[in-house]
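Each chain, written out:
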There are 2 protein chains.
Amino acid sequence: MLLHGYYRSSAAYRVRIALNLKGISVKHVAHHLRKGEHRAPSYLKLNPQGLLPALETDDGHVLTQSLAIIEWLDEIYPETPLLPRTAYGRAECRAFSLAIAAEIHAVQNLKVLNRLKAMGHSEADAQAWAHDVIAEGLVACEALLANQAGTFCFGDRPTLADICLVPQLYNARRFKVDLTSMPKLLASEAACLAMPAFADAAPERQADAE
Amino acid sequence: MLLHGYYRSSAAYRVRIALNLKGISVKHVAHHLRKGEHRAPSYLKLNPQGLLPALETDDGHVLTQSLAIIEWLDEIYPETPLLPRTAYGRAECRAFSLAIAAEIHAVQNLKVLNRLKAMGHSEADAQAWAHDVIAEGLVACEALLANQAGTFCFGDRPTLADICLVPQLYNARRFKVDLTSMPKLLASEAACLAMPAFADAAPERQADAE
């Protein structure tokens, strides 16, 4: 399989972690987001949204949207499950994941920050927007873990929730968000980063890292 | 079960459709978004993100995030499935749903528009932002259906994709988005709106509609 990604894309980072946890090796194809390579006609033909990542399967399917790709991986390669065992557990885990992917990341990604700049806002305004969206969103995520007591976000093995959390905390630090009031998030992150599957997926370890 | 919602919330509208398709009746509790009732301490205790909707189950679980709620409903009440039968089909359907829920709706909802206004933007600026986010996002969604030939978004019965599409098109019209270049989206919507499960979930049919 081919993973079309970008080293610093949170969504591509999520899929890299999931592939590593499953022990699946793929070929990586880098598209430079800041240089607009994801808007090249050849890539738009593959993925009309022009978003990264996209997973090209061996039989020619092109899967998009990181959470949908990860759910597919979990269905097709059920070993090392990425969702909790109970239906309530899965609902909580998916809700936490969407609280990051939709409520935080989708509102602070490069596309949205570029939209703000196109309205006349400065780089500092865009940075402040990203900072505030991430800070407020992560406070809510910390609250979502209030009743959880496992090593990871939901239990004693990493799930989709941790796969979303780690790239978002990486992003939070880029935008200088104060994380000291988020002990549960930080504890889950520390447990994850001790695992090669997470560590090897980090942006700075990718071939296209700058 | 209790569904905490608001008549015009796209996310609550999605859950209403899913419940209707499954034939599940719940008690509806309205929280007025524009009056800030979703920020009341009693509601924040139930749902720390302060987002609508939330589904309170009979044994006291509180489920949040519309897509996670709908996946849970589909697992617990498997009759009238809301996802396609094949893994590739589910991946495409979930990707389309996220292309609406995360890439469009999360970037144009009331919270984001209020954030723009807090930066000094006018109501007209906020409306233009919402218009552009919806218009660009729906063009990508239309492209995602290019190879689909069914009555609905993905096949001959409504799925999660249609459940996300119908409220987003309702929203598109509020923001005066020109939909004429989106025949596949409009055809799926028309098929949905002919079904009571969709028609009865419409904002104007809710008890809290203004």
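Summarised in this report is the structure supplied together with it. These numbers were taken from a predicted model, which means no experiment stands behind them.

**Concerning the sheet that holds strand E2 (residues 27-30) of chain B**
All names here are of chain B.
Reasoning step 1: With mixed pairing, the four strands of this open sheet are ordered in space as E2-E1-E3-E4. With partners counted over all chains shown, the strands left at the sheet margins are E2 and strand E4 (62-64), one partner each. Pairwise comparison of adjacent strand axes, ignoring direction, gives a mean angle of 20° for this sheet.
Reasoning step 2: The pairing of strand E3 (residues 54-56) with E4 spans three bridges and is classified as antiparallel. When the bridges of E4 are listed, leucine 55 appears paired with leucine 63.
Reasoning step 3: On the sheet, helix H1 (residues 10-22) packs against strand E1 (2-5) and E2 and is oriented at approximately 150° with respect to E1.

**Let's talk about the packing of aromatic side chains**
Reasoning step 1: Per the counting criterion, the structure on display carries eleven aromatic pairs over all chains.
Reasoning step 2: For the pair Tyr6(A) and Tyr7(A), a centre-to-centre distance of 5.0 Å together with 70° between the ring planes defines the contact as edge-to-face. For the pair shown, Tyr6(A) and Tyr7(A) are each scored as buried.
Reasoning step 3: With a centroid separation of 5.9 Å and 90° between ring planes, the pair formed by Tyr13(B) and Tyr170(B) is classed as edge-to-face. Within this pair, whereas Tyr13(B) is found in helix H1, its partner Tyr170(B) is found in helix H7 (residues 160-174), the two being separated by 157 residues in sequence.
Reasoning step 4: A relative accessible area of 4% places Tyr13(B) in the buried class.
Reasoning step 5: For Tyr170(B), a relative accessible area of 25% corresponds to the partly exposed category.
Reasoning step 6: One aromatic cluster is present, formed by Trp72(A), Tyr77(A) and Tyr88(B) through successive ring pairs.
Reasoning step 7: A cation over a ring is seen here: Arg115(A) above Trp129(B), with NZ or CZ 5.9 Å from the ring centre.

**Considerations on the pairing of strand E1 (residues 2-5) of chain A**
Residues and elements named next belong to chain A.
Reasoning step 1: In terms of strand pairing, E1 meets strand E2 (residues 27-30) through four bridges, oriented parallel. Bridging from a neighbouring strand, leucine 2 pairs with lysine 27 of E2.
Reasoning step 2: Regarding topology, helix H1 (residues 10-22) serves as the crossover connection from E1 to the parallel E2, and that connection is right-handed.
Reasoning step 3: One ladder, built from three bridges, connects E1 with strand E3 (residues 54-56); its direction is antiparallel. By the bridge assignment for E3, histidine 4 is matched with alanine 54.

**Here's the deal with the pattern of salt bridges**
Reasoning step 1: Applying the stated criterion to the full structure yields 18 salt bridges over all chains.
Reasoning step 2: Through salt bridges with shared partners, a single ionic network connects Glu71(A), Glu75(A), Arg90(A), Arg94(A), Glu71(B), Glu75(B), Arg90(B) and Arg94(B).

**Structural notes on the sheet that holds E1(A)**
All names here are of chain A.
Reasoning step 1: Spatial strand order, E2-E1-E3-E4: four strands in an open sheet with mixed pairing. With partners counted over all chains shown, the strands left at the sheet margins are E2 and strand E4 (62-64), one partner each. Strand-to-strand, the axes of this sheet are offset by a mean angle of 20°, without reference to chain direction.
Reasoning step 2: Set on the sheet, H1 makes contact with E1 and E2; between it and E1 the angle comes to about 150°.

**Concerning helix H4 (residues 87-108) of chain A**
Turn by turn, an α-helix covers 3.6 residues, leaving residues three or four places apart pointing in a common direction.
Residues and elements named next belong to chain A.
Reasoning step 1: Taking 1.5 Å of rise per residue, the 22 residues of H4 would be expected to cover 32 Å, and the 30 Å separating its terminal C-alpha atoms lies within 8% of that figure.
Reasoning step 2: Remark: the principal bend of H4, roughly 30°, maps to leucine 98.
Reasoning step 3: The element H4 is extensively covered by neighbouring structure, given that 21 of its 22 residues are classed as buried.

**Describing the relation of the copies chain A and chain B**
One copy of the chain maps onto the second through a rotation about an axis and a displacement along it.
Reasoning step 1: Mapping chain A onto chain B calls for a screw motion: a turn of 180° about the axis and a shift of 0.0 Å along it, with 0.0 Å RMSD after fitting. Between the two chains, the operation in question is that of a two-fold axis. The position closest to the rotation axis in chain A is occupied by the C-alpha of Ala102(A), lying 2.2 Å away.
Reasoning step 2: Here 98% of the contact residues of chain A are again contact residues in chain B; the copies associate through an equivalent surface.

**A short note on the interface of chain A and chain B**
Reasoning step 1: Contacts between the two partners involve 42 residues from chain A and, on the opposite side, 41 residues from chain B.
Reasoning step 2: Between chain A and chain B, roughly 3900 Å² of surface is buried when both sides are summed, and carbon and sulfur atoms account for 66% of that area.
Reasoning step 3: When the area that chain A buries against chain B is broken down by residue, the three leading residues are Tyr88(A), Arg115(A) and Trp129(A), summing to 18%.
Reasoning step 4: Run the count over chain A and chain B and you get eight salt bridges.
Reasoning step 5: Ionic pairing is found between Glu136(A) and Arg115(B), a salt bridge with its closest N-O pair at 2.8 Å.
Reasoning step 6: At the junction of chain A with chain B, the criterion picks out 13 residue pairs in polar contact (both at pLDDT 80 or more).
Reasoning step 7: For the side of chain A that touches chain B, the secondary structure elements donating two or more residues are E4, helix H3 (66-76), H4, helix H5 (110-118) and helix H6 (123-144) of chain A.
Reasoning step 8: Per element, the largest residue contribution to the side of chain A that touches chain B is 13 residues, and it comes from H4(A).

Conventions we followed
Residues numbered from 1 in each chain as written. Chains lettered and ligands numbered in written order. Predicted model: local features only at pLDDT ≥ 70, side-chain atom pairs only at ≥ 80, totals over all residues. Heavy atoms only, no water. Pairing = 2+ DSSP bridges. Helix = DSSP H or I, 4+ residues; strand = E, 2+ residues; numbered from the N terminus. Axes fitted to C-alpha atoms, helices over the stretch in contact; angles between N-to-C directions. Contact = heavy atoms within 4.5 Å. Phe/Tyr/Trp six-rings, centres within 6.5 Å; stacked < 30°, edge-to-face > 60°. Buried < 20%, exposed > 50% of the residue type's maximum accessible area, 1.4 Å probe, protein only. Lys NZ or Arg CZ within 6 Å of the ring centre and 35° of its normal. Right-handed = clockwise from strand over helix to strand, strands pointing away. Salt bridge = Lys/Arg side-chain N within 4 Å of Asp/Glu carboxyl O. Expected span 1.5 Å × (residues − 1). Bend = angle between axes of the 7 residues up to and from the residue. Least-squares fit on C-alpha atoms with pLDDT ≥ 70 in both. Buried area = accessible area lost by both parts, 1.4 Å probe. Polar contact = N/O pair within 3.5 Å; in protein donor to acceptor, adjacent residues only side chain to side chain.

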